[in-house]
Amino acid sequence: QVQLVESGGGLVQAGGSLRLSCAASGRTFSSRAMGWFRQAPGKEREFVATISGSGDSTYYADSVKGRFTISRDNAKNTVYLQMNSLKPEDAAIYLCASTRIRNTVIVGTNYDYWGQGTQVTVSS
């Protein structure tokens, strides 16, 4: 069983930055790829970024490439999402997810554990 707890969301002006964190329980963290997804009101959940278990490989949605950075600290069982140059369209609930697959995973259905999410609001 893996529990995921996100933090770091909040209200920020357009152009600003936020750093999200996701703390995971369990002893298999470094063998599991992690992902960030987001869901805005009235929209479907969408992929944001993923990182392999080792941290060597990452992949981003085109909409955030160059602005967001995913990273992980396996010693702390934590994955991060650094979000820069935020836009109003980035506003959403951001969810952290964990999969037993070691390599990067884009498809949400391949993740078996999800956090509750943290709200990100971007004012224009």
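Relevant structure appears above.
Figured I'd write up the structure that's included with this text. (Residues numbered from 1 in each chain as written. Predicted model: local features only at pLDDT ≥ 70, side-chain atom pairs only at ≥ 80, totals over all residues. Heavy atoms only, no water.)

1. Some remarks on the packing of aromatic side chains
Part 1: A full pass over the atoms with the stated rule returns 5 aromatic pairs.
Part 2: Ring geometry for Phe37 and Tyr111: centres 5.3 Å apart, planes at 80°, overall edge-to-face. Taken together, the residues span a long stretch of sequence, with Phe37 in strand E4 (residues 34-39) and Tyr111 in the loop between strand E9 (92-98) and strand E10 (113-114) at a distance of 74 residues.
Part 3: Among the residues examined, Tyr111 registers a relative accessible area of 5% and is labelled buried.
Part 4: Taken together, the ring pairs in this structure connect Phe37, Phe47, Tyr59, Tyr111 and Trp114 into an aromatic cluster.
Part 5: Looking at Arg19, its charged tip hangs above the ring of Tyr80, at a distance of 4.0 Å from the centre.
Part 6: Here the basic side chain of Lys65 rests over the ring of Tyr59, its NZ or CZ set 5.8 Å away from the ring centre. (Phe/Tyr/Trp six-rings, centres within 6.5 Å; stacked < 30°, edge-to-face > 60°. Helix = DSSP H or I, 4+ residues; strand = E, 2+ residues; numbered from the N terminus. Buried < 20%, exposed > 50% of the residue type's maximum accessible area, 1.4 Å probe, protein only. Lys NZ or Arg CZ within 6 Å of the ring centre and 35° of its normal.)

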